[in-house]
Amino acid sequence: AVVSTQSTGAKGIIDQFSTFLIDCDGVLWTSEKAVKGARRALDALIKAEKRVILVTNNCGRTVSSIQTMMDEILGIPDIPKRDVITSGVATAIYLKNRMKIEQEKVYLIAQDAFSKTLDDYGISHFGLGPQPFRNTVEWGEFEVDPSVKYVVVSLDPDFNHSKLTEAYLYITENNAEYIVPDVDMFYSCKRGDGTRKIPGTHSVQAGLSAMVEKAPTPIGKPSRFIFDMIQEEYGPLDGGRTLMIGDSYETDMKFGFNCGIATALVLSGNAKKEDVEGFERQPDFVMDDISGILD
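Residues numbered from 1 in each chain as written. Predicted model: local features only at pLDDT ≥ 70, side-chain atom pairs only at ≥ 80, totals over all residues. Heavy atoms only, no water.

This part takes up the packing of helix α7 (residues 161-173) against helix α8 (residues 202-212). The contact between α7 and α8 brings their axes to 10 Å, and the two run at 35 degrees. Pair α7 / α8 crosses with right-handed handedness. Contact with α7, carried on its side by Leu164, Ala167, Tyr168, Ile171 and Thr172, involves Gly207, Leu208, Met211 and Val212 of α8 and no other residues of that element. Residue classes in the contact of α7 with α8 are distributed as 7 nonpolar, 2 polar and no charged. (Axes fitted to C-alpha atoms, helices over the stretch in contact; angles between N-to-C directions. Helix = DSSP H or I, 4+ residues; strand = E, 2+ residues; numbered from the N terminus. Left-handed = near helix turned anticlockwise from the far one by under 90°. Contact = heavy atoms within 4.5 Å. Nonpolar A, V, L, I, M, F, W, Y, C, P; charged D, E, K, R; others polar.)

Okay, structure coming up:
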């Protein structure tokens, strides 16, 4: 159900918009279990011939794995590849098309899926997997590869002091560009009938950001890069008829604000009903879950 709305239009939500940008985790599924009403909402959008684009900051999944989840979790097998935008894909497009990367290397702190995404775009990278601890003598002898021009930092299960130090050296001694595919403070996971918040990617980035004293290049939400990229790659969007649906105020709603499009916050993931009053700016719609678009 719609909990609150800033809209004064008489039309239903589906009728008001032609394009729906939809986050995945916390909106369509939580801990790989479907959110109540998600299938009905997507079916209604497809039936109404609306353009649906999945926009996720989760670069720990490939596009094909998200397509598989749409099929296996929600029973929707035909989401085109071009309509699934991860922050990993956006980062690869940034490096390839915006920065024209060729022989330069990327030091990658991330999960396997992000590595595969960069491979798909022919981008040379290294850093995946565990790295052994080095002492101060070893770091004093460490040779900084001058061809490393980009450091990309995301969630990494193998993150440790060695990775932090190597990234620091590339940024400070090579002047490598420091790129963050997403800055999510928290992720949501299913716990009983509700959800639980756990530290997100920002927990990995915060220490490095403090040490290098250099603002990173943001790619994922709330940066508007993905919004601009979609239009550059796939054609223009009608901002007045585009709705962003997400479960995070800090990423999804601020993304919508930054892009000048309408916003719908769902309470099935990170955000809770008691949080809403404290927001500095209210979303256009607040709903219990994505099925609220059917009201």
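What follows concerns the packing of helix α4 (residues 87-98) against helix α9 (residues 225-234). Put simply, α4 and α9 touch, their axes get as near as 11 Å, and they point 60 degrees apart. The orientation of α4 relative to α9 falls into the category oblique. α9 is crossed by α4, and the crossing has left-handed handedness. Between α4 and α9, the contacting residues are Ala90, Ile93, Tyr94, Asn97 and Arg98 on the first element and Phe225, Ile226, Met229, Glu232 and Glu233 on the second. Its residues assigned to classes, the contact of α4 with α9 shows 6 nonpolar, 1 polar and 3 charged. (Parallel < 35°, antiparallel > 145°, perpendicular 65-115°, else oblique.)

Bringing the side chain of Arg61 into the picture now. With respect to the helices and strands, the residue Arg61 is situated in the loop between β5 (51-56) and α3 (63-74). For Arg61, the side chain forms a polar contact with the side chain of Asp25, separated by 3.0 Å. In this structure, Arg61 is in contact with Asp25, Trp29, Glu32, Ile66, Met69, Thr86 and Ala113, ignoring residues within four places of it in sequence. (Polar contact = N/O pair within 3.5 Å; in protein donor to acceptor, adjacent residues only side chain to side chain.)

Okay, the sheet that holds strand β13 (residues 217-218) next. The sheet built from 5 strands is open, its strands ordered β8-β7-β9-β10-β13 with parallel pairing. Of all the strands in the sheet, just β8 (125-126) and β13 have a single pairing partner and so form its edges. Note that strand β7 (residues 105-109) and β8 share 2 bridges and pair parallel. Counted as the bridge partner of Val106 is His125 from β8. Contacting β7, β8, β9 (148-153) and β10 (177-180), α7 crosses the sheet at an angle of about 150 degrees to β7. Those strands touched by α8 are β7, β9 and β10, and its axis lies near 155 degrees from that of β10. (Pairing = 2+ DSSP bridges.)

Take unusual backbone geometry next. Cis geometry marks the peptide bond from Lys221 to Pro222, where omega comes out at 10 degrees. Summarising the element assignment, Pro222 is placed in the loop between β13 and α9. At Glu32, a position not held by glycine, the phi torsion is positive, near 65 degrees. With respect to the helices and strands, the residue Glu32 is situated in the loop between β3 (29-30) and β4 (33-34). For Glu213, which is not glycine, the phi dihedral falls at a positive 50 degrees. Of the residues examined, Glu213 reaches a relative accessible area of 75% and is grouped as exposed. (Buried < 20%, exposed > 50% of the residue type's maximum accessible area, 1.4 Å probe, protein only.)

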